[in-house]
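Spelled out from the first residue to the last, the chains are:
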There are 2 protein chains.
Amino acid sequence: MEFDLARTSAASPAAPVHQQIAEQIRGRVERGELVPGDRLPPIRALARQLGVNRDTVSTAYENLAAAGVVDARVGRGTFVRGLRPRPTPRLAGPLETSLSEGAERLLDFERGRVHYGAGRDAIPLHALKPDPALFPVDGFRRAVARAFQEQGGELLGYGDPQGYAGLREVWAERLRAAGTRVGPESVVLCQGASQGIALALRLFADSGDTVAIEEPTYHNALAALVGLGLRPAAVPMRRGVADLDALDAALSRPEVRAFYTIPTFHNPMGTSSDLAHREEVLAIASRHGKPVIEDAYEMDLRFAGRPVPSLMALDEDGLVVQLLSFSKSLFPGVRSGAIVARGRHVDALLALRNATDLGGALPLQVALADFVGGGAYDRHLSRLRRRMKARSDALGTALSAEMPNGSRWTRPEGGYQTWLDLPEAMDAREVFADALRAGVLVAPGFQFHFDGRPSRGLRLSIALADEDEIALGIARLGRVVHERAASPGHARGRAIEV
Amino acid sequence: MEFDLARTSAASPAAPVHQQIAEQIRGRVERGELVPGDRLPPIRALARQLGVNRDTVSTAYENLAAAGVVDARVGRGTFVRGLRPRPTPRLAGPLETSLSEGAERLLDFERGRVHYGAGRDAIPLHALKPDPALFPVDGFRRAVARAFQEQGGELLGYGDPQGYAGLREVWAERLRAAGTRVGPESVVLCQGASQGIALALRLFADSGDTVAIEEPTYHNALAALVGLGLRPAAVPMRRGVADLDALDAALSRPEVRAFYTIPTFHNPMGTSSDLAHREEVLAIASRHGKPVIEDAYEMDLRFAGRPVPSLMALDEDGLVVQLLSFSKSLFPGVRSGAIVARGRHVDALLALRNATDLGGALPLQVALADFVGGGAYDRHLSRLRRRMKARSDALGTALSAEMPNGSRWTRPEGGYQTWLDLPEAMDAREVFADALRAGVLVAPGFQFHFDGRPSRGLRLSIALADEDEIALGIARLGRVVHERAASPGHARGRAIEV
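Residues numbered from 1 in each chain as written. Chains lettered and ligands numbered in written order. Predicted model: local features only at pLDDT ≥ 70, side-chain atom pairs only at ≥ 80, totals over all residues. Heavy atoms only, no water.

**A short note on the overall build of chain A**
Put simply, the rule is: In DSSP terms, a helix is any run of H or I states spanning at least four residues, a strand is any run of E spanning at least two, and both are numbered starting from the N terminus. All radius of gyration figures rest on C-alpha atoms, and the globule criterion is 2.2 Å times the number of residues raised to 0.38. Partly exposed describes any residue whose relative accessible area lies between the buried limit of under 20% and the exposed limit of over 50%, with all areas from a 1.4 Å probe on protein chains only and scaled to the type maximum. Working rule for contacts: check all heavy atoms of both residues, and any pair within 4.5 Å makes them a contact. Note that accessible areas follow from Shrake-Rupley with a 1.4 Å probe, and for residues the cover is restricted to the protein chains shown. Under this rule, positive means Lys or Arg and negative means Asp or Glu; His and the chain ends count for nothing. Throughout, a charge is located at the NZ atom of Lys, the CZ atom of Arg, the CG atom of Asp or the CD atom of Glu.
On a plain count of helices and strands, chain A comes out with 16 helices and 16 strands. In terms of C-alpha radius of gyration, chain A reaches 25 Å, essentially the compact-globule figure of 23 Å for 498 residues. Counting over 498 residues, chain A shows a buried share of 62%. Taking the intrachain contacts of chain A between residues at least 6 apart in sequence as the baseline, contacts between residues at least 24 apart amount to 74%. Working note: accessible area of chain A is about 18900 Å², and carbon and sulfur atoms make up 49% of it. The average position of the 61 basic charges and that of the 60 acidic charges among the side chains of chain A differ by 3 Å.

**Considerations on the sheet that holds strand β7 (residues 241–242) of chain A**
Residues and elements named next belong to chain A. Operational definition: Any two strands with at least two DSSP-identified bridges between them are counted as paired. In this analysis an axis means a line fitted to C-alpha atoms, helices contributing only their contacting stretch, and an angle means the value between N-to-C directions, from 0 to 180 degrees.
Ordered by their spatial adjacency, 8 strands build an open sheet running β4-β11-β10-β9-β8-β5-β6-β7, and the pairing between neighbours is mixed. On the outer flanks of this sheet lie β4 (187–190) and β7, each paired with one strand and no other. Here strand β5 (residues 210–215) pairs with strand β8 (residues 256–261) via 3 bridges, running parallel. Bridge assignment links A212 to a residue of β8, and that residue is F259. Against the sheet, helix α6 (residues 165–177) engages β4, β10 (320–325) and β11 (337–340), with an angle of about 120 degrees to β4. Along the sheet, helix α7 (residues 192–204) makes contact with β4, β5, β8, β9 (292–295), β10 and β11, crossing β10 at roughly 165 degrees.

**Things to note about the pairing of strand β16 (residues 457–461) of chain A**
All names here are of chain A. Most of β16 is tucked away: 5 of the 5 residues are buried. Relative to β16, strand β13 (residues 417–421) runs antiparallel, the two sharing 5 bridges. Each bridged residue has a counterpart across the sheet, and for D421 the counterpart in β16 is G457. Summarising the sheet, strand β15 (residues 443–444) and β16 pair through 2 bridges and their orientation is antiparallel. Paired with A443 across the two strands is R459, which belongs to β16.

**Side note on the interface of chain A and chain B**
Our working rule: Buried surface area refers to the total accessible area, computed with a probe of radius 1.4 Å, that the two partners give up upon joining, counted for both partners together. By convention in these notes, a salt bridge is any Lys or Arg side-chain nitrogen within 4 Å of a carboxyl oxygen on Asp or Glu.
Taken residue by residue, the interface counts 88 residues in chain A and 89 residues in chain B. For the pair chain A and chain B, the summed buried area comes to about 7500 Å², and 61% of that belongs to carbon and sulfur atoms. Scanning the region where chain A abuts chain B turns up 2 salt bridges. Among the salt bridges present, the one from R344 of chain B reaches E104 of chain A, with a minimum N-O distance of 2.7 Å.

**Thoughts on the pairing of β5 of chain A**
All names here are of chain A. Of all the 6 residues making up β5, 6 are buried; the element is thus mostly covered by neighbouring parts of the structure. Relative to strand β6 (residues 231–238), β5 runs parallel, the two being bridged by 6 bridges. The partner of A212 across the bridge, within β6, is A233.

**Side note on the sheet that holds strand β5 (residues 210–215) of chain B**
Residues and elements named next belong to chain B. Overall, mixed pairing links the 8 strands, which are arranged β4-β11-β10-β9-β8-β5-β6-β7 in an open sheet. Edge strands, defined here as strands with exactly one partner in the open sheet, are β4 (187–190) and β7 (241–242). Running at roughly 20 degrees to β4, helix α12 (residues 344–354) makes contact with β4, β10 (320–325) and β11 (337–340) of the sheet.

**Describing the relation of the copies chain A and chain B**
Keep this limit in mind: In this comparison the copies share one frame, found by least squares on the C-alpha atoms of residues holding pLDDT of at least 70 in both.
The transform that puts chain A on chain B rotates by 180 degrees and translates by 0.1 Å along the axis, for an RMSD of 0.2 Å. What the superposition gives is, in effect, a two-fold axis relating one chain to the other. Interface overlap between copies: 100% of the residues of chain A at the interface are likewise at the interface in chain B, consistent with a symmetric, same-surface contact.

**Overview of the domain arrangement of chain A**
Residue and element names in this part refer to chain A. The following threshold applies: Domain delimitation in this document rests on an assignment produced automatically or drawn from a domain database. Residue polarity is assigned by list, with Asp, Glu, Lys and Arg as charged and Ala, Val, Leu, Ile, Met, Phe, Trp, Tyr, Cys and Pro as nonpolar; anything else, Gly included, falls into the polar class.
When its domains are assigned, chain A resolves into domain 1 (17–84), domain 2 (111–128 + 379–497) and domain 3 (137–374). In this structure, domain 1 and domain 2 have C-alpha centres spaced 26 Å apart. Of the residues lining the interface, 12 residues belong to domain 1; the matching set on domain 2 comes to 17 residues. The contact between domain 1 and domain 2 buries some 1300 Å² in all, and 52% of this surface belongs to carbon and sulfur atoms. Taken as a group, P36, R39 and R81 account for 36% of the area that domain 1 buries against domain 2, more than any other trio of residues on that side. Put simply, domain 1 and domain 2 have 2 salt bridges between them. Of the charged contacts in the structure, one is a salt bridge between R39 and E430, with a shortest N-O distance of 2.6 Å. A per-class count over the side of domain 1 that touches domain 2 returns 3 nonpolar, 1 polar and 8 charged.

**Looking at helix α5 (residues 137–150) of chain A**
Formally: Each helix should span, by expectation, one fewer than its residue count multiplied by 1.5 Å.
When the terminal C-alpha atoms of α5 of chain A are compared, their 20 Å separation across 14 residues agrees well with the 20 Å that a helix rising 1.5 Å per residue should span. Within α5 of chain A the residues assigned to the buried category are V137, G139, F140, A143, V144, A147 and F148 of chain A. Tucked inside the fold, the buried residues of α5 of chain A contact α13 (362–373) of chain A together with α5 (137–150) of chain B.

**Here's the deal with the state of the cysteines**
Note the following rule: In this description, the term disulfide denotes a pair of cysteine sulfurs within 2.5 Å.
Counted according to the given criterion, the structure contains 0 disulfides over all chains. There is no disulfide at C190 of chain A, and the cysteine sulfur nearest it, in C190 of chain B, is 18 Å away. You can call C190 of chain A buried: its relative accessible area is 5%.

**Quick look at unusual backbone geometry**
For the peptide bond that leads from E215 of chain B to P216 of chain B, omega is 0 degrees, which places it in the cis range. Note on placement: P216 of chain B falls in the loop between β5 and α8 (219–227). For the bond running from N267 of chain B to P268 of chain B, omega is 15 degrees, close enough to zero to count as cis. For R239 of chain A, which is not a glycine, the phi torsion comes out positive at approximately 50 degrees. One can find R239 of chain A in the loop between β6 and β7. You will see that R335 of chain B, though not glycine, has its phi angle at about 50 degrees, which is positive. Here R335 of chain B shows up in the loop between β10 and β11.

If you want it as structure tokens, here you go:
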């Protein structure tokens, strides 16, 4: 990296050197020459190159980090984070800094997120946002119109805090068909599975408590933990499922209050556990008397293989709280999810919901009950599953063709995400940056770890790209990975977790 | 209260006496002879009357309390709480009880709420639910239809986590017209002001912290405090506004992190503070460096008097976070509120929202932006305000005609609620029970206190009753209050806070 530094002399005063370095790096980020995920030169190396004190470079990097342009992690290097768009300057006051510890922790966590904004024209293999081109907009629009025709002003009233009974019954019917013995009184509607995660965590754990989580896991579940002041007890994923010995050890700790798990179409791995594994998870939880939060957010997106009973369906002990959602299988804009729970758990979830936002939007719940109960959702699902099967096959074919030896990937039977392990000693964050420059967006694995540690994993999504785009995107990714594998800087021996 | 007790003898075994007492009380509740709020005889008196040991009566009351039928508070007596409907028995398991402390605290708090279900046919002067008969359903239905016509699948996507920019701009325009210098970047949409309360509390306070609140205050704000593990520092309402000396003392305590206040159309009192009081509140907050959460949930419901600038409009220091809502002035079923905040507060609120539920329902936000931005909301408001002025006048006239000496009430310039102080030494909880029996629902004041202490205040609402119903309801209430004032049991000298 070249810099053009002016030295201050009596004749020509210049800005401090650290400021010049910082400004030139910021300029490169603004012009797109450096993109999020790019690693800056090590402080020692750049100081030597420029003939300046190490503290000078260090100060430049620290100021860039304070401005949010880079992300500096001790012992791991300094990475470009990108410039977040700020539309217009906001009014500010001296008290802006008086935030709670929880809010500060969350702001810090959010700063570690990848910002994909720079890759607007790249092929999107990064996000689990369902494809708007596949939304059954007309059918739902008609269901909304019917709801307004058939119900008067009551449609715009507060409604039942547990959620519209008609939609709870629709959920209960689907659950019974899949083997869970519940009625509508066991269903609490919520704002997508994401609100379900926050409510379920608060159901079992107080600030300072610990919750067992799979690693890697859904990054918004990590955000919920951070925001609630909860600590993680990591249960590593091994061969695509939670390691049972680690789970047993975690749940044996008295401070661990619950286990959050995604047994079906795991996020980010795409894998599912089998019946024997699920029974073992429940046996371990039961032995330790600890509840299980089963995130089933993609439960309706199976396109291959045979269904496995959910933890909720297998649970005999009132151990499990299950989270469901229409966000991935239908569309997220209705913010419609559900929590399935038993006995006092239902009362407590309602009390938590009351103290949070008093419930969801009734008109959309009524329209969904009509749309789903009338069969339109199932018709949409079978179209969607066919498309996803084709995309998943295209992804598998492309990965086989393009990825070098030493890489491996999961074979999901449903859901949007596939997990790609890069060849050993390759950091997914660096590959992400190369890939972004090459015109393809992928989700680097470090975001799925609570501590943001380096990862050789990438999450690939088939949600937004069709078969041709998938083939092209993976070809671009393959080129980037091959180049990095062949580069002399590779295998510089940094330890990378597997 | 009469009881028919069978004594066990060798010839005829009977149920234990405490069980017979409990069952007979429960029977009276089931048959509606005892209604929520009724006071049971003191233990000592009933034991003497029945010729049984005090422990026997005490055990009966305790079992009724455990079953949720009565509410026993040490030193305050035992009150009927009512039977909560349970549709069908839920599946239950042994782990049901493993709840977080926060969830247990909330369940306990919810048990203290009044259940109004028994008064379905009574005149509703208790609730702040806007009248569905006044909802502009057709206009909003058309706005929803236009949103679907004009936007495709994107309307059902995730959208901006801060909320639809068009609706944020509509809010900002209205705020600027009322003197607050903000743009759409300072507005964060949320699920009604209630979610705003929970998010704003989390912005400034962590579990174990203290927040200054007015007493009495909105009972769902109390629920939010309880759920988040926050402690209250009470700032008593004096002549309808927060007592400034008490506020100064509260904010001087280092553990107090913020002040939650409802300066306009206070809930439950209906009063508003004047400009001088607001400036003093801001000066006190500024002196102590503590932020202010201004709940402006009924901000558009002024029907008399002159508008006073909001705390947000007066704030020069970035001290204030303001909560807005369409729930009372339009309809609650769209769950549409907003938080106005500055600088880092906005970033932190977004991070908290992301960790809570990822944002609201885009189709309703787009339709609201159209409906409100196009002028239909203002047309609705002027109709609604006229109706409310008429109802408020009817309430004032009825109170003057029906209430005995020693009672007094507030004169709101807007909003739905009026606060009635009953004659001294009268407990609003007992009057509530009498009134329910007489066919009118009112909200007893103890619910607006964190500790649920007795109160001689009643909250009366004009939201759901028209002028004739208000006149009839207050006539019924007046009769009940007169009877109680004339009864020999009155003025038995229990101290009641004012």
